[in-house]
Each structure stands twice: as C-alpha cells, then as structure tokens.
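# Structural overview for review
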Amino acid sequence: MSLLYIDPGTGSMLFSVFIGIVSALVFLFRKIFIKIKFILSGGKTEKISSTKIPYVIFTDHKRYWNIFKPVCDEFEKRGLPLAYWTASPDDPALEQKYQHVKAQFIGEGNKAFAKLNMMNACIVLSTTPGLDVYQWKRSKNVDCYVHIRHDVEDPVGYRMFGCDFYDSVLLTGSHQERYIRVFEQKREEKPKETLVVGCAYMDVMKERLSSLAPVKNKKPVVLLAPSWGESAILKKYGNSILDALIATGYKIVVRPHPQSFTSEKDMIEPLLQKYKQSDDFEWNRDNDNFEILRQADILITDFSGIIFDWALVFDKPLIYADTSYDSSPYDSAWLDEPLWRFEVLPDLGVKLERKDFSNLKGIIDNLMRDESFQKGREKIRAQAWQFQGQGAKRTVDYLTAKYDQLVGKKN
C-alpha cells in the first residue's frame, strides 16, 4: 500500500493541476455555449442573460465573521445583492435572516477551492491570503479580487505572497500601504489599487463595549492569547509559561490561536491533557473573542494581531513576549527594515523574557497600576485605525464604485 502514498505537497500540486484542467474545459464549453446562444439570438447581445454575481464575499473560516458582518449589514441596509460563500458549515452567517445577503456553505478544503476556481463574479472580497499561490486560483470569470485586512497591523505576517495577486487591498491605516509598495517593487509586480477604509470590526467592537458596564473582577484575570508557529509563545515556552502564570494565583485564561488545533496538535493536545479546566484555569475557544477581552485585566501575547484589538478597542496595557520572531516563512522575510508591529509595541506595554517568569506576578501587578501607556495607545490608534466608525460604509462605497466602473467599461 505504501506505493500508493502521495505526500501532502505532491497531492496539493496534483489537485491544482487537476482543477486547472477542469476549469479550462468548463470555460471552453461555456464559451462555446455563449457563442451558440449569440448566434441563435440573431447576434443581439442584450438577449443573452448573464449569470455573473455582482458581489461575492469568500471566507475560509467562521472566525472571520466579525470582519464581514458589518459589511454584510451595510449591503443589507442598502438593499444590494451579496453572495456570502463560506467554507465553514457552522458559520454564523448561515443563521442570519437577511433579505439581500445570501449565505452559502460551499464545502471544505478542495471542494471549496473547486467552486472558487470556477466562480463567475464581478467582485470578490476576501481576507484569505494566498490567492493564486496554492489551491485557490484566480477564476477567469472574476473581474476584480479585493483583499480586506483582518487586523490593523502591517500586512507582512502572511505566508509568502499572501496578497500579491489581489487587484485591490483595503487598508485600516495608511501605515500599511508602504509595505505593499515595497513588495511590488521587490517582486516587480503591477501596482495594486489601495484605499484606507478603516476597520469595520473594530468599529462594531467599540460600539458594543460602550453599551456595557466595566467589569470588576474579584481577582485579576490574565489572558494568554498567542499566535501560532515556531515563534509563538505557547510553542516556544509551553509548560514554562503556563506554570509561571498558575503560580501568580490569578485566574488564567488560555486562548490558543485556532490554527494551533489544526497544525500544532502535537503541541496543543499534551497541554490540554496536563492543564485541566478549573475555577482558576480555563481554555477559551470562543469564536468571538469580544467577551474574554472584556473580562480580562491583562493580556500576554507574542506577535498576534489580538494585541491591537486589546490595546486600541479595550484600552488596556499588555505584556508581549520576546520570542525572537522568525520571519523566514513570511512575507516579512523580504524586508530590510524593522516591522511596524515591533516598533510600536513599547508604546503599548512591557516586554516579557524567560528570565522574568519567576517575577511574573510582580510584573502584572505593576502594569495594572501603570497609566503611562495611555498616550501610546492614543498615538497608535490614530495611526492604525483611521476613519473610526466609518469602516463598513467606506468598504461598501468602494465596492459599489468599483462595480460601476467595471460595468461601465464593458458597456
């Protein structure tokens, strides 16, 4: 049976080739079909009905619903048709009672990619990186692919060529554009269209937070929320950081990155077995991180984008771990300059090194009394979260203007 084994990399390549061949055949037959209809209609193109979808949102996971819900709400408010395609069978979008936004589960893995690679749409909006890099190929029948950021940090934390093959990128702040331009020059790519629209999901979080009373815990709640990968705090420090946190006597909540449960099972499963749920220790896997961010007093993380949700929306100081970030798998490996996210961290909180683990309680206590990071948060908020309160409106304004432009060109 070993002779029949195909490693994942080869399997991915073979699937991409297969999808390419199938897509080419579908497009060929579709073209022939349209020509036949054109002839039968007497050459009158207006009689040929188009099945092209005006707007599509694609999400590869339900955890990005907080990114897209404000946009879907804006489409619904304007009475505009929108197709929402998700690769999660339990995506919250599927339960919404929209009239104009139609949510559809398109399958998982290769089944989803097969549908995406042959879609017929004018504009596709997505936060998923890697378009035209792996299985997800650009469809010949899509006019414009638009990438929207799912955080406010620099757009260099994706795996190689994360958003290179999108036509447009919507930004939360002007600080993100310089990295896109650097990549375009280094890789000799056609310049993409960019626009600062703000951050719609942060707008919603701020609105939700303002309607609730502040939380007053009996004792401090410390949230450990790492990213994933070799440089992430949970992967690098594991038992050491968890033991140090438990030793503080405070309530500890650990919220691993969702990708850890898929790609780092060998690391996460032993930790789940060793550190059991209790009154003072909790594993958090909520799809929406809002409530745990509201409940916590201190955040400890590494280079996760949760840093900016925490600091800019919830307005609390943080502890960031020194994990010696390895940029080699990411777009950031192409840069010869420090990353924005690491430049601004000292404005938002204090660094934690392994030698500090024995004094973690003292660090937490001091930070909870320290108000000196308030000005730093205000500075970064103004830089990275522009057009506050306007994110969804500006996003849909851009999409509708782009649609009118594309349709106008064809007419």
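Residues numbered from 1 in each chain as written. Predicted model: local features only at pLDDT ≥ 70, side-chain atom pairs only at ≥ 80, totals over all residues. Heavy atoms only, no water.

## Concerning the pattern of salt bridges
Summed over all chains, the structure comprises 27 salt bridges. Across the salt bridge formed by Glu184 and Arg181, the nearest N and O atoms sit 3.0 Å from each other. Here Arg181 and Glu184 lie together in helix H4 (residues 177–186), a separation of 3 residues that amounts to about one turn. The exposure class assigned to Glu184 is buried, which follows from its relative accessible area of 5%. Take Arg181: its relative accessible area is 23%, and that puts it in the partly exposed class. Between Glu193 and Lys402 there is a salt bridge, with its nearest N and O atoms 3.3 Å apart. Of this pair, Glu193 sits in strand S7 (residues 193–196) while Lys402 is found in helix H15 (residues 391–410), placing the two residues 209 residues apart along the sequence. Relative accessible area serves as the criterion here: at 35%, Glu193 is assigned to the partly exposed category. Connected through shared salt-bridge partners, Glu74, Lys77, Arg78, Lys393 and Asp397 make up one network. (Salt bridge = Lys/Arg side-chain N within 4 Å of Asp/Glu carboxyl O. Helix = DSSP H or I, 4+ residues; strand = E, 2+ residues; numbered from the N terminus. Buried < 20%, exposed > 50% of the residue type's maximum accessible area, 1.4 Å probe, protein only.)

## Focus: empty space enclosed by the protein
Scanning all chains against the criterion turns up 3 cavities of 30 Å³ or more. By volume, the largest cavity amounts to about 60 Å³. Ile67, Ile148, Arg149, Thr172, Val197, Gly198, Cys199, Ala200, Tyr201, Gly391 and Thr395 together form the lining of the largest cavity. Mapped by element, the contributors of at least two residues to the lining of the largest cavity are helix H5 (200–210) and H15. Looking at the lining of the largest cavity residue by residue, the class counts come to 6 nonpolar, 4 polar and 1 charged. (1 Å grid on protein atoms, 1.4 Å probe; cavity = no way out; pocket = protein on both sides within 12 Å on 5 of 7 lines; lining within 4 Å. Points joined across faces, edges and corners; volume = space filled by probe spheres on them. Nonpolar A, V, L, I, M, F, W, Y, C, P; charged D, E, K, R; others polar.)

## Section: the sheet that holds strand S2 (residues 82–86)
Here 7 strands make up an open sheet; going across it, the order is S3-S2-S1-S4-S5-S6-S7 and the pairing parallel. Each of the sheet's edge strands pairs with one partner strand only, and the pair in question is strand S3 (101–105) and S7. Taken pair by pair, the neighbouring strands of this sheet meet at an average axis angle of 20°, ignoring direction. Across 4 bridges, the pairing between strand S1 (residues 53–59) and S2 is parallel. Paired with Phe58 across the two strands is Trp85, which belongs to S2. (Pairing = 2+ DSSP bridges. Axes fitted to C-alpha atoms, helices over the stretch in contact; angles between N-to-C directions.)

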